[in-house]
Amino acid sequence: MNPSIGLQLWSVRNSLQKDYVWTLEKIAEIGYQNLELITTVTPEGLVFGKDMRAPELRKNLDRFGLQAVSCHFVPNAEMRLENILADLQLLGVDSLACAIAFFANRPEVVGFNTTFNKYAETCKKHGVQLYYHNHFQEFQVFDDKAIYEMMIEQMDKDLVMFEFDSYWATRGGQDPIYWLKKLGRRCDLLHQKDLPTTAVPVNLFEKFGYDSQITIDDMWDLQDANHFTEVGEGNLNISEILQAGRRYNNARYVFVEQDMTKKTELESIKVSLTNLTRILSNE
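Cut-offs applied
- Residues numbered from 1 in each chain as written.
- Predicted model: local features only at pLDDT ≥ 70, side-chain atom pairs only at ≥ 80, totals over all residues.
- Heavy atoms only, no water.
- Core = buried A, V, L, I, M, F, W, Y, C linked by side-chain atoms within 4.5 Å.
- Buried < 20%, exposed > 50% of the residue type's maximum accessible area, 1.4 Å probe, protein only.
- Contact = heavy atoms within 4.5 Å.
- Helix = DSSP H or I, 4+ residues; strand = E, 2+ residues; numbered from the N terminus.
- Polar contact = N/O pair within 3.5 Å; in protein donor to acceptor, adjacent residues only side chain to side chain.
- Pairing = 2+ DSSP bridges.
- Axes fitted to C-alpha atoms, helices over the stretch in contact; angles between N-to-C directions.
- Left-handed = near helix turned anticlockwise from the far one by under 90°.
- Nonpolar A, V, L, I, M, F, W, Y, C, P; charged D, E, K, R; others polar.
- Phe/Tyr/Trp six-rings, centres within 6.5 Å; stacked < 30°, edge-to-face > 60°.
- Lys NZ or Arg CZ within 6 Å of the ring centre and 35° of its normal.

**Q** Can you help me understand the nonpolar core in this one?
**A** Here is a general trend for soluble globular proteins: nonpolar side chains tend to be buried in one another's company. Counting 91 residues, the largest nonpolar core has L9, I27 and L96 as its most contacted members. Ignoring any residue separated from it by four or fewer positions in sequence, one finds I27 in contact with L7, L9, V12, Y32, L35, L66 and I269. Within the second largest apolar cluster, seven residues are counted, among which are M161, L189, Y253 and F255.

**Q** Please explain the environment of D87 as it appears in this structure.
**A** Mapped onto the fold, D87 is located in helix α4 (residues 81-91). The buried category is assigned to D87, whose relative accessible area is 14%. Remark: the alpha-carbon pair of D87 and E149, spanning 62 residues in sequence, is separated by 32 Å. In contact with D87, other than residues within four places in its own chain, are G45, L46 and A54.

**Q** Help me out: how do you make sense of the side chain of Q137 in this one?
**A** Position of Q137 relative to the elements: it lies in the loop between β7 (129-133) and β8 (141-142). When sequence neighbours within four positions are dropped, the list of residues in contact with Q137 reads I100, A101, F102, I147, F205, I214 and M219.

**Q** So what exactly am I meant to see when it comes to the environment of N2 here?
**A** Tracing the chain through its elements places N2 in the segment before β1 (4-8). A polar contact is formed between the side chain of N2 and the side chain of R246, at a distance of 2.7 Å. A polar contact of 3.1 Å, which involves the side chain of N2, links it to the backbone oxygen of L280.

**Q** I keep staring at unusual backbone geometry and nothing clicks. Help me out?
**A** Trans is the prevailing form of peptide bonds, just as negative phi is the prevailing case for residues other than glycine. A cis amide bond links V200 to the next residue, P201, at an omega of -5°. Within the secondary structure, P201 is located in the loop between β11 (189-192) and α9 (205-208). For D143, which is not a glycine, the phi torsion comes out positive at approximately 55°. As for its placement among the helices and strands, D143 is situated in the loop between β8 and β9 (145-146).

**Q** Looking at this structure, how should I read the sheet that holds strand β2 (residues 34-37)?
**A** Hydrogen bonding along the main chain pairs the strands of a sheet, whether they run parallel or antiparallel. In space, the eight strands of this closed barrel follow the order β1-β2-β5-β6-β7-β10-β11-β12, with parallel pairing throughout. Strand-to-strand twist of the sheet, defined as the mean angle between neighbouring strand axes without regard to direction, takes the value 30°. Sheet strands touched by helix α5 (residues 106-125): β6 (95-98), β7 and β10 (160-165). Its angle to β7, the strand with the most contacts, is close to 150°.

**Q** Help me understand the pairing of strand β12 (residues 253-256), please; the structure alone is not making it clear to me.
**A** The side chains of a regular strand alternate, residue by residue, between the two faces of the sheet. Across the two faces of β12 the burial is the same, with Y253 and F255 and V254 and V256 all buried. Examined bridge by bridge, β1 and β12 share four bridges and lie parallel to one another. Considered in β12, the bridge of L7 is made with V256.

**Q** Whenever I open this one, the packing of α5 against helix α6 (residues 147-154) confuses me. Can you help?
**A** Packed helices, taken two at a time, are described by their axes: the angle between them and the distance between them. For the pair α5 and α6, interaxial distance at closest approach is 10 Å and the crossing angle is 35°. Judged by the sense of rotation from one axis to the other, the crossing of α5 with α6 is right-handed. Between α5, through R106, V109, V110, F112, N113 and N117, and α6, the contact on the second element is made entirely by I147, M150, M151 and Q154. Across the contact of α5 with α6, the residue classes break down as six nonpolar, three polar and one charged.

**Q** Mind showing me how you'd approach the pairing of β10 here?
**A** Among the six residues that make up β10, six are buried, leaving the element largely enclosed by the rest of the structure. Covered by surrounding structure in β10 are V160, F162 and F164 together with M161, E163 and D165, the residues of both alternating faces. Relative to β10, β7 is paired through four bridges, and the arrangement is parallel. Paired with Y131 across the bridge in β10 is M161. Where β10 and β11 come together, three bridges link them in parallel fashion. By the bridge assignment, E163 is partnered in β11 with L189.

**Q** Just checking my understanding: could you explain the packing of aromatic side chains for this structure?
**A** Aromatic ring pairs are reported here in terms of the distance separating the ring centres and the angle at which the planes meet. With the rule as written, the count across this model stands at 19 aromatic pairs. Members of the aromatic cluster, joined through ring pairs, are F136, Y167, W168, F205, F208, Y210 and F228. The ring centre of F208 lies 5.6 Å from the NZ or CZ of K207, which sits over that ring.

Below you can see the structure in the form of structure tokens.
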């Protein structure tokens, strides 16, 4: 069975900041129904856009026939996880994914994994599944072992799942199919964008080195529209990736996520939806 298509709202982040409700309406008109939210974490709970809280967001989602099925967040020391989970319950969201993390050494990875297991235990008690979403830096190597390998081994297989981004794995010099097979049923959420010929080098570790420390500043420097293109417009074998997601992962959702685009944000997500729908219909 094919996964359902969704939209990661990072793809339209600038539009949301200008007019959140109008952007939701346009997303619905384009044809999306399932959303993965982006949010700001505060001690009191979640903030969407400039100042929207969960009750108001829920009303707007219902108004436009949209459904929030997942949410990205970045954990911080001041957050109160119970407040986050209460907001997710109000929104009807049962999947929470860590959007990004950076590590300087192996002990930092081990510490993060230990803390993440504790988060996941609390999430499970509240009916929410916790995920980790990769970029490319999780494939850097500390003491002869990749961060991603350590995560798979050290994060509790009964508590933590993975949301797999095939583009970023490719930029980390990896074969997405290998990792989808390895993750198996611990991965049922996928992120999809595409890789243009202008993304050089494809393997970013040719630029950074596998044992270098990757920082948030490095990631921001990579936010170049020449490095990204819409689903079906680039070189990734998306059909093969989706086949693997169905075969090995029983993927529930594949979220369009466009980090950067040469089009307007709304034009971009429309192209990706059209192409992704076509690819899935040919499976």
